Amino acid sequence: MEKGQWIPIVAVSAHIMNRVSPVFAATVQPEAIVVTGAIPGAVKEKIIHAFDPLVELIMGVSLPIASVMIAGGALLVMIGIRDKGYSMIMSSAIGYVLVQMTPLLIDLLAGVGSAI
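Residues numbered from 1 in each chain as written. Predicted model: local features only at pLDDT ≥ 70, side-chain atom pairs only at ≥ 80, totals over all residues. Heavy atoms only, no water.

Before going further, it helps to spend a moment on a nonpolar patch on the surface. Together, M90, I94, V97, L98, M101, L104, L105, L108, V112 and I116 give the surface a local cluster of nonpolar side chains, amounting to about 1000 Å² of exposed area. Counting only elements with at least two residues in the nonpolar patch, the list comes to α4 (82–100) and α5 (102–115). Residue class for M101 comes out partly exposed when judged on its relative accessible area of 33%. (Patch = residues over 30% accessible without salt bridge, like charges linked within 9 Å, V, L, I, M, F, W, Y side chains within 5 Å. Areas by Shrake-Rupley, 256 points an atom, 1.4 Å probe, with all protein chains shown as cover. Salt bridge = Lys/Arg side-chain N within 4 Å of Asp/Glu carboxyl O. Helix = DSSP H or I, 4+ residues; strand = E, 2+ residues; numbered from the N terminus. Buried < 20%, exposed > 50% of the residue type's maximum accessible area, 1.4 Å probe, protein only.)

If you want it as structure tokens, here you go:
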């Protein structure tokens, strides 16, 4: 082989594999691990309720944000940009309702998860 010549990796690895001693070759059979009741109920409840402070913070901040957006939408209606104003009012109202329904949706997801 000349200096600076490119060697295909496949050829090198095949060359190296021919030199491996069969003494070290072994077959490993993976064992099946059966886990039942991996997460106890108390730990599961702590995990589920870990995000409660964040959800409550978002719910608390949603009213002032929705109020500002509704006021902005009303101003847009007043200055003549009715489509954008009504769209902003409707979007902020729907967003506020969805944010307030977040705990219900989380409980629904937890119920579906425990049923599976």
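With respect to the helices, strands and loops of the structure, S62 is situated in helix α3 (residues 52–78). Within the structure, the side chain of S62 is placed 2.9 Å from the side chain of Q100, a separation counted as a polar contact. (Polar contact = N/O pair within 3.5 Å; in protein donor to acceptor, adjacent residues only side chain to side chain.)

On to the environment of G85, then. Turning to its location among the elements, G85 is positioned in helix α4. Distance from G85 to A74, taken between C-alpha atoms, is 6.0 Å for residues 11 residues apart in sequence.

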